[in-house]
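# Secondary and tertiary structure notes
Letter by letter, the chains look like this.
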Amino acid sequence: MNSSRASSDNDPKKSALDALIDFLPCPTPDAWIDAALQAQDVLLIDHANCEKKAASTALNLLYRYTDDFALLDKLSRLAREEMLHFERVIALMKRRGIAYRPLSASRYAARLHTAIRRGEPGRRIDTLIVGALIEARSCERFAKLAPHLDDELGTFYTSLLKSESRHYRDYLALARKAAGGASIDDRVAHFLAIEQELIESPDDELRFHSGPPGGTQPARRKAEKSRG
Ligand SMILES: [Fe+2]
Ligand SMILES: [Fe+2]
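Residues numbered from 1 in each chain as written. Chains lettered and ligands numbered in written order. Predicted model: local features only at pLDDT ≥ 70, side-chain atom pairs only at ≥ 80, totals over all residues. Heavy atoms only, no water.

Within the chain, the secondary structure is distributed over ten helices and zero strands. Reading the chain from its N terminus to its C terminus gives the helix and strand order α-α-α-α-α-α-α-α-α-α. Out of the 228 residues in the chain, the part that is buried amounts to 49%. Pairs at least 24 residues apart make up 77% of the contacts formed inside the chain by residues separated by at least 6 positions. With the model as given, the accessible surface of the chain reaches about 11300 Å², and the carbon-plus-sulfur share is 53%. (Helix = DSSP H or I, 4+ residues; strand = E, 2+ residues; numbered from the N terminus. Buried < 20%, exposed > 50% of the residue type's maximum accessible area, 1.4 Å probe, protein only. Contact = heavy atoms within 4.5 Å. Areas by Shrake-Rupley, 256 points an atom, 1.4 Å probe, with all protein chains shown as cover.)

So this is what it looks like as structure tokens:
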């Protein structure tokens, strides 16, 4: 990873959003935004699933790592915030008459988790880095989607930026702390490379963290047609 990315979250002149966009390996492709705007029901259901999953991941860490009060405090608060986000998503779905139907999970988190080391402290450091990446990508997508959404959903997504960018910073700080002063840059670079592949390579299913649509999806065909 480059040094400007490694230190960007320490620069007081940068906004929290700019810092996490610098941290991420690539922007969300426009083709994903186009596809997501055409499937907002799916997006909201998967968003609700992601909020639940974010809370349960934090709770799992509270069970596994009881030796760090800062971790326990930060992740307990994070889990509560994610459940509040979940309640806001399902309230919005209810108002819009969107049924909460079962939806398979995307490849994104599963693929990142396969790269987590098994032994400690590697497992702990890697799990916290993956947490930071997922929070950062969620935040980047909320920001990128918001201007294209209706007022209610756009305002909701904009309101999530502050807490999700804080979650990213908290996870990254906890990963650094777990490394006990050793550099985590190599591990961060390892996960950033995997994340970039997941964000830029065609994906069969539209989900909140999916790649751009594969050849079978209408948005892709439309985008290709418009490019001539
Ligand atoms: Fe959230
Ligand atoms: Fe979050």
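Resuming the write-up.
The next thing to look at is the confidence of the model for the chain. Averaged over all residues, the pLDDT of the chain is 91; the fraction at 70 or higher stands at 88%. Overall, residues 1-9 carries pLDDT values under 50, and its contacts beyond four positions in sequence, including any with other chains, amount to 20 contacts. Low pLDDT, under 50, characterises residues 217-228; the stretch is placed with 14 contacts to residues that sit more than four places away or in other chains. (pLDDT = per-residue confidence, 0-100.)

With that out of the way, let us pick up the coordination of the iron ion (ligand 2). Looking at the iron ion (ligand 2), one finds its protein donor set to be E82 (OE), E135 (OE), E135 (OE), E164 (OE) and H167 (ND1), positioned 1.9 to 2.7 Å from the metal centre. The sequence pattern formed by the donor residues of the iron ion (ligand 2) is E-x52-E-x28-E-x2-H. Taken as a pair, the iron ion (ligand 2) and the iron ion (ligand 1) show a spacing of 3.5 Å, with E82 coordinating each metal. With a gap of 85 residues between them, E82 in helix α5 (residues 69-96) and H167 in helix α8 (residues 151-178) connect regions that are remote in the sequence. Exposure class is identical for E82 and H167. Each is buried. (Donors = N, O, S within 2.8 Å, 3.2 Å for Na, K, Ca; no water.)

Attention now goes to the coordination of the iron ion (ligand 1). All of the protein donors around the iron ion (ligand 1) are E51 (OE), E82 (OE), H85 (ND1) and E164 (OE); their distances to the metal are 2.0 to 2.3 Å. Coordination at the iron ion (ligand 1) comes from four donor atoms whose angles at the metal span 86 to 144°, giving a geometry best classed as irregular. All donors of the iron ion (ligand 1) come from a single chain, and their spacing in sequence reads E-x30-E-x2-H-x78-E. (Tetrahedral: all angles 85-135°; square planar, octahedral: opposite > 155°, others 65-115°.)

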